[in-house]
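# Summary of the model geometry
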Amino acid sequence: MSNLKLMIKKTFLEPLFHNLHKIKKMHKLKASKEEWAAKAQKGEFAFHKGNKWRNSPRFMEDTTLLFESFGFDRDEYAGKVVMDIGAGSKLRGKFFRDSKLVAIEPMADDCVKEIPWTDLTDAYKLYSLPAEDRIEEMADHCDLIFSINVLDHCFDFEKIVENVYSYLKPGGLAFLSFDEHFVTDSMHPLILTDDICLGVYEKVGFKLIKKSKGFDGAYKAKKNITTYGHGIFCLNYWLTKE
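Residues numbered from 1 in each chain as written. Predicted model: local features only at pLDDT ≥ 70, side-chain atom pairs only at ≥ 80, totals over all residues. Heavy atoms only, no water.

As for its position among the elements, W238 is in strand 7 (residues 233-240). Assessed through its relative accessible area of 8%, W238 is described here as buried. Spatially, the C-alpha atoms of W238 and F175 are 4.8 Å apart, while their sequence positions differ by 63 residues. Leaving out residues up to four positions away in the same chain, W238 has contacts with F70, F72, L173, A174, F175, K207, L208, I209, K210, K211 and S212. (Helix = DSSP H or I, 4+ residues; strand = E, 2+ residues; numbered from the N terminus. Buried < 20%, exposed > 50% of the residue type's maximum accessible area, 1.4 Å probe, protein only. Contact = heavy atoms within 4.5 Å.)

Let's shift gears to the packing of aromatic side chains. Evaluated as defined, the whole model comprises 22 aromatic pairs. Aromatic pair F67 and F146: ring centres 5.2 Å apart, planes at 85°, arrangement edge-to-face. Of the two residues, F67 sits in helix 3 (residues 58-69) while F146 sits in strand 4 (residues 142-148), which places them 79 residues apart along the sequence. In this pair, the class of F67 matches that of F146, namely buried. Judged by centre distance (4.8 Å) and plane angle (50°), the rings of F175 and W238 are tilted. Of this pair, F175 sits in strand 5 (residues 168-180) while W238 sits in strand 7, and the two are 63 residues apart along the sequence. Exposure remark for F175: the relative accessible area of 0% places this residue in the buried category. (Phe/Tyr/Trp six-rings, centres within 6.5 Å; stacked < 30°, edge-to-face > 60°.)

Most of strand 1 (residues 81-85) is tucked away, with five of its five residues classed as buried. Alternating residues of strand 1 divide into V81, M83 and I85 and V82 and D84, and every residue in both groups is buried. Sheet analysis places strand 1 next to strand 2 (residues 100-104), joined by five bridges and oriented parallel. Bridging across to strand 2, I85 finds its partner in I104. As paired elements, strand 1 and strand 4 share three bridges and run parallel to each other. Bridged to V82 within strand 4 is L144. (Pairing = 2+ DSSP bridges.)

See below:
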């Protein structure tokens, strides 16, 4: 998306449709898998392949600041299984020292083949699959599952939440963070709002520990932003499986 289109979307369209949502309760939990594969994934791979931020020390510096602002400690999952849903081209999960990092990324095979600086093969387990595909061997396997700025880029939100619930150990933590926006585009085919997401979590069986909008702490102070790039706020959920 060009800078001009992004500016128009963020400045004019998102606020307009945010207000309209209050009346019509718009949402979109599912999109065409074929269009997602042809458009969203093609765009995502081009974005990652040329991403200078990920191919720099700033990526882990910003990731560390982000996780710490959300209340995570680098050593709290040492020796435990941590899953990253939508890892992209670089492993955010390396923030968690000495954990067994599982990465799910539909572009993983292409990243490994075509991006020299990717570190995806450092993962304990790597799956080059959409998050919507169930991985049976991971059932009840994970102590922590996180997903950062991903789920609004996917094609079936409820299926992903079902999979996250399946992979999580009883008593484990799922942390899901993504932008709430009200206008779709080729790389953001879903409209995920707080009210509709809470209903999906409850339906699947999750217990909500807490939720928040935007960013907090040092990350908020340094970045002075409220989203990962789209919409007005990001939505953040801490969920557990009893």
